[in-house]
Amino acid sequence: MTVDRPPASLTVVCQVRFPPILSLLEEAGVAGFQEALRRSYPVTAVDHQVAFAVDAAQRQAPQIKQQAPVWRLQTEDERWTVSTAVDFIALETPHYPEWGEFRERLQFLLAAADRTLAPARSVRIGLRKINVMRHPEVARPRDWGKFLRSEVLPLGGSELPGVIRSCITELNLNDDRDGTLTIRLGPDPEDLAKYRVDLDYWTERKFRVMPDEMLMNQLEAYSKSMTSFFHWSLRPEMYKHLDPRPRPDRSQR
Amino acid sequence: VTTAQASSRTELRRATASSVGYEPETFRVAEPSLQTDILIGNVDTTLQQIEAVLARLETKTRVRGDEERNLGLLLRLTAAWLEGLSSEEVASVLGWQISSLQRALHGERKVQASQSNRLILLSEIAILLSRVVEREAIGDWFRTSVPALHGLTPMEALRRRRGDEVRTVVASYLEPVFG
């Protein structure tokens, strides 16, 4: 049984980092990658990060540093975004449907990257799931005690003499295969009535940047582990509220 | 010293990819003279760009660096169009080492003059092939034995420097009698 309905929002990002490809600094260098994805991701944009270094004592004039561009390709409905820069490619959606569709899109992206960028082996791969939950009976952080396990609440769900203004707990767990699960928990800084369970499973083990079974199976294993942790964090009342149901079998569609 | 960051979205454009899909049935045309027009209806922006770069290369511009840039662009666009092929297979059909392909795609090395003929031939094959094979089926086509190539797959034939034969075979698919 899985939770098919997102808790409030579920953003999923997969990022593959590789040694820098300097041709991706220029439009000509990204042209092949863009063309390979254009039919699925026709909306394109580039973000130029600009850093301003200001000397507080005013001994030096402000310095402006241009950083590497980040190329972004989006689906027409803007539900899926592919981004790339000199040292990474990423797939992101704030409307995660289920692993099957995510996997298909990721395979297509990795195949395009392999063919048009031919990156060296990865230096880091990561899958991140950001769950933001809400419940109609929750108005403030302490109300989550009824719906989430105490282990994932601030200070174990202890009664505190005050109102929580902010709290983020970060935990890094190493598995036995060079993977690390980073868990960030706490009330959503943008809306304290919401609760954020931010899970990031990553490894620096090297993979070929292409849609082969080894990489895809690793990412799927990370996805399942994070889903398991998320389910574990819920009390029965919250689990019931999320209305879990079996996901449709994609092969039967 | 404090640092602030700002992000500027300097470019936002919508691609003009055609929604017209390729349908093999359109080959059954009575008048060969109409065939080209119908095939051009199967617009693919990648192919249009490949054709534009090939045209620029044909003009043999004397502007220093132009030919190198165009060959680099041609490589990227052709690789983009070869859906279903891995980077190793792209290198293979070009007759290059994978490391040569990587260095060329990474901008660490220019496409050598000795390599450009096979790249241009492959891109010409891609343009012809687009008129008979759907993009999603390209990988399978390259790996399928072709009787007219004496049983070789197109990939094997290209690897053995028999690209001209591959081009002839693909061009033969476009003969009216084939439909």
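In what follows, the structure referred to is the one given above.
Since the structure is predicted, the reported quantities are computational estimates derived from the model, not experimental observations.

Structural notes on the overall build of chain B
Here is step 1 of the chain: Within chain B, the regular secondary structure consists of nine helices and one strand.
Here is step 2 of the chain: Along chain B, helices and strands appear, N-terminal first, in the series β-α-α-α-α-α-α-α-α-α.
Here is step 3 of the chain: Here chain B holds 179 residues, and 43% of them are scored as buried.
Here is step 4 of the chain: Summarising the internal contacts of chain B: among those between residues at least 6 apart in sequence, 60% fall at separations of at least 24.

Describing helix 1 (residues 27-37) of chain A
Here is step 1 of the chain: Burial analysis of helix 1 of chain A places nine of its eleven residues in the buried class, which makes it a mostly covered element.
Here is step 2 of the chain: Those residues of helix 1 of chain A lying buried are G29, V30, A31, G32, F33, Q34, E35, A36 and L37 of chain A.

A short note on the pairing of strand 4 (residues 81-85) of chain A
All names here are of chain A.
Here is step 1 of the chain: The buried count for strand 4 comes to five of five residues, which makes it a mostly enclosed element.
Here is step 2 of the chain: Alternating positions in strand 4 separate into two faces, T81, S83 and A85 on one and V82 and T84 on the other, with burial throughout.
Here is step 3 of the chain: Alignment of strand 4 against strand 5 (residues 88-93), held across five bridges, turns out to be antiparallel. Residue pairing across strands places S83 opposite A90, the latter belonging to strand 5.
Here is step 4 of the chain: Here strand 4 folds back onto strand 5 in antiparallel fashion, the turn holding two residues.

Some points on the pattern of salt bridges
All names here are of chain A.
Here is step 1 of the chain: Per the stated rule, a full pass over the model turns up 27 salt bridges over all chains.
Here is step 2 of the chain: Notably, a salt bridge pairs E220 with R103, separated by 2.8 Å at the nearest N-O pair. One end of the pair, E220, is in helix 3 (residues 213-232); the other, R103, is in helix 2 (residues 99-116), with 117 residues separating them in the sequence.
Here is step 3 of the chain: Given a relative accessible area of 21%, E220 falls into the partly exposed group.
Here is step 4 of the chain: A salt bridge links D198 to R128, with the shortest nitrogen-to-oxygen separation between them at 2.5 Å. Taken together, the positions of D198 in strand 9 (residues 191-203) and R128 in strand 6 (residues 124-133) put the pair 70 residues apart, joining distant regions of the chain.

What about the pairing of strand 9 of chain A?
Residue and element names in this part refer to chain A.
Here is step 1 of the chain: Sheet topology places strand 6 next to strand 9; nine bridges connect them, and they run antiparallel. Its bridge partner being in strand 9, M133 is matched across the sheet by Y195.
Here is step 2 of the chain: Alignment of strand 8 (residues 179-188) against strand 9, held across ten bridges, turns out to be antiparallel. From the neighbouring strand, L185 faces strand 9, where its bridge partner is V197.

Let's talk about the environment of E190 of chain A
Here is step 1 of the chain: Within the secondary structure, E190 of chain A is located in the loop between strand 8 and strand 9.
Here is step 2 of the chain: The exposure class of E190 of chain A is exposed, given its relative accessible area of 73%.

Remarks on the nonpolar core
Here is step 1 of the chain: With 58 residues, the main nonpolar core has F33, I89, F102, L106, L127, M133 and W144 of chain A as its most contacted residues.
Here is step 2 of the chain: In this structure, F33 of chain A is in contact with L73, V82, T84, I89, L109, A112, A113, T116 and L117 of chain A, ignoring residues within four places of it in sequence.
Here is step 3 of the chain: Grouped together as the second largest cluster of nonpolar side chains are 48 residues, L77, L82, A91 and I127 of chain B included.

Quick look at the packing of helix 1 of chain A against helix 3 (residues 66-81) of chain B
Relative placement of two packed helices is described by the angle separating their axes and the distance separating the axes.
Here is step 1 of the chain: For the pair helix 1 of chain A and helix 3 of chain B, interaxial distance at closest approach is 8 Å and the crossing angle is 15°. As the angle between them shows, helix 1 of chain A and helix 3 of chain B are arranged roughly parallel. Crossing handedness for the pair helix 1 of chain A and helix 3 of chain B: right-handed. Between helix 1 of chain A and helix 3 of chain B, the contacting residues are A28, G29, A31, G32, E35 and A36 of chain A on the first element and L73, R76, L77 and A80 of chain B on the second.
Here is step 2 of the chain: Within the contact of helix 1 of chain A with helix 3 of chain B, the residues separate by chemical class into six nonpolar, two polar and two charged.

Analysis parameters
- Residues numbered from 1 in each chain as written.
- Chains lettered and ligands numbered in written order.
- Predicted model: local features only at pLDDT ≥ 70, side-chain atom pairs only at ≥ 80, totals over all residues.
- Heavy atoms only, no water.
- Helix = DSSP H or I, 4+ residues; strand = E, 2+ residues; numbered from the N terminus.
- Buried < 20%, exposed > 50% of the residue type's maximum accessible area, 1.4 Å probe, protein only.
- Contact = heavy atoms within 4.5 Å.
- Pairing = 2+ DSSP bridges.
- Salt bridge = Lys/Arg side-chain N within 4 Å of Asp/Glu carboxyl O.
- Core = buried A, V, L, I, M, F, W, Y, C linked by side-chain atoms within 4.5 Å.
- Axes fitted to C-alpha atoms, helices over the stretch in contact; angles between N-to-C directions.
- Parallel < 35°, antiparallel > 145°, perpendicular 65-115°, else oblique.
- Left-handed = near helix turned anticlockwise from the far one by under 90°.
- Nonpolar A, V, L, I, M, F, W, Y, C, P; charged D, E, K, R; others polar.

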